Amino acid sequence: MNLVKQYYGRIILCFVLIGVLSLRFAIPVRDGDLFWQIVYGRYYIEHHTLIPDHTIYTWTLAQNNIIYCAWISEIILYCLYSLGHLPLLFVFRYMCLLVVLILIFVFARRFELGNYLLTYFILLIVLLSSHSAAFIKPEIMSLVLMAVVVLIYFSVKAGTTLRILYILPLIMLLWVNTHGVFVFGYLFILLITVGEILNYFFSHSIAFSKKDLFSLLGASFLSGIAVFVNPYGYHYIVQLFNYFSNPLINKIYRSVYAYHSIFRYPHLHYVDYGVTMAAILIGLLIMLITRKRVMDWAIFLANLIFGYVYTMFLRSTFVATHFCLQYYLSSRKVQFSVNYKKSSPYVSNKPFYAWHFFLFCS
């Protein structure tokens, strides 16, 4: 009887996913950034350079010392617009969202979780939480790249070959030349590296082996080097650091709605989501500690820091992709010797279901 319910539940959620993807993201171009980024893409191709001249597009005196490194995404946007104008760009948006969903589903199928309602429910939550990053601009590529980085880590953590860790430096090389949110991607790599080091010393039962840990350290180190491989070299990294550390520049950024804290807009319920996610994370960690008497420091640190980022910027809600993936694997790893094939998925992790149900209803 449960198998029949699951089958029809999956069918219903598949139709819901198709409906949400088709209707929720059928929105016009609302951000004028797209068009100057398309012009920059044309500039790179016409002038055979990867460094634009900001001053040629202004009617007033302008400076050319501001670094904006997104040449890969801008060339892609320009080429797509040249080939098919806005309709092709809309198709590109749908393709990016589909890639994220397919990555998660393939990951679930890889570990025999593809037939569970929980998987389809997570796909729906990821889709809904991705709306803030679904504008046709370089940011949507960060959504995809972030999902790939998280997927690689959890695939290794769940038993996949360590060789895929060395894809991380290649992704960071691509990402640093695509969009500034690469800083979150590398932050995630640093957090899981530190967390796995702590697991090695304090949580032996879930820790990487010494060899595996050195592989992760190597991938993290190479990823750090990769972020300096851009047309501006280390100057780009220095400028980004100044943006975060300079109070005046930080104040200017804070004047933009997308960079406001979630606490400024309680009617949007982001605070409610944050409190709920924090409560469920604490609940899962308590279950893990009391049942297996270990702490997964990598998952704890990543959720803790990205939870802070979530509260600081309205636009960072698409980081919920990471939360869903991390909680997904967390729920799988805190089953405490419960076999997925023999147990009902409806009773395996009630707090996990409660968290997603809350988000969905909200």
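Structural data are supplied above this passage.
Residues numbered from 1 in each chain as written. Predicted model: local features only at pLDDT ≥ 70, side-chain atom pairs only at ≥ 80, totals over all residues. Heavy atoms only, no water.

Section: the overall build of the protein
Step number 1: Across its full length, the protein carries 14 helices and 0 strands.
Step number 2: When the helices and strands of the protein are placed in sequence order, the string is α-α-α-α-α-α-α-α-α-α-α-α-α-α.
Step number 3: Going through the 362 residues of the protein one by one, you find that 51% of them count as buried.
Step number 4: Considering only residue pairs separated by 6 or more positions, the protein has 75% of its internal contacts joining residues 24 or more positions apart.
Step number 5: Surface summary for the protein: the accessible area is close to 17900 Å², and the carbon and sulfur share equals 70%. (Helix = DSSP H or I, 4+ residues; strand = E, 2+ residues; numbered from the N terminus. Buried < 20%, exposed > 50% of the residue type's maximum accessible area, 1.4 Å probe, protein only. Contact = heavy atoms within 4.5 Å. Areas by Shrake-Rupley, 256 points an atom, 1.4 Å probe, with all protein chains shown as cover.)

Topic: helix H7 (residues 182–202)
Step number 1: In this model H7 runs 30 Å from its N-terminal to its C-terminal C-alpha over 21 residues, within 8% of the 30 Å that 1.5 Å per residue would give.
Step number 2: The set of residues buried in H7 consists of Phe-182, Phe-184, Gly-185, Tyr-186, Phe-188, Ile-189, Leu-191, Ile-192, Thr-193, Gly-195, Glu-196 and Asn-199. (Expected span 1.5 Å × (residues − 1).)

Describing helix H4 (residues 117–129)
Step number 1: The end-to-end C-alpha separation of H4 is 18 Å, in line with the 18 Å expected for 13 residues at 1.5 Å each.
Step number 2: Burial analysis of H4 places 12 of its 13 residues in the buried class, which makes it a mostly covered element.
Step number 3: For H4, the set of buried residues is Leu-117, Leu-118, Thr-119, Tyr-120, Phe-121, Ile-122, Leu-123, Leu-124, Ile-125, Val-126, Leu-127 and Ser-129.

Notes on the packing of aromatic side chains
Step number 1: Following the criterion strictly, the structure yields 11 aromatic pairs and no others.
Step number 2: Aromatic pair Phe-182 and Tyr-236: ring centres 5.8 Å apart, planes at 45°, arrangement tilted. Within this pair, whereas Phe-182 is found in helix H7, its partner Tyr-236 is found in helix H9 (residues 234–245), the two being separated by 54 residues in sequence.
Step number 3: Residue classification places Phe-182 among the buried positions, given a relative accessible area of 3%.
Step number 4: A relative accessible area of 3% means that Tyr-236 is categorised as buried. (Phe/Tyr/Trp six-rings, centres within 6.5 Å; stacked < 30°, edge-to-face > 60°.)

Thoughts on the pattern of salt bridges
Step number 1: For the structure on display, the rule yields 4 salt bridges.
Step number 2: Its salt-bridge partner being Lys-137, residue Asp-33 comes within 3.3 Å of it at the nearest N-O pair. Taken together, the positions of Asp-33 in helix H2 (residues 33–47) and Lys-137 in the loop between H4 and helix H5 (139–157) put the pair 104 residues apart, joining distant regions of the chain.
Step number 3: Exposure remark for Asp-33: the relative accessible area of 26% places this residue in the partly exposed category.
Step number 4: Lys-137 sits in the buried class, given a relative accessible area of 6%.
Step number 5: Between Glu-196 and Lys-157 there is a salt bridge, with the nearest N and O atoms lying 2.8 Å from each other. Residue Glu-196 is located in helix H7, and its partner Lys-157 is located in helix H5; the two are separated by 39 residues in the primary sequence. Taken individually, Glu-196 and Lys-157 each receive the classification buried, so the pair is uniform in this respect.
Step number 6: Through salt bridges with shared partners, a single ionic network connects Lys-157, Glu-196 and Asp-296. (Salt bridge = Lys/Arg side-chain N within 4 Å of Asp/Glu carboxyl O.)

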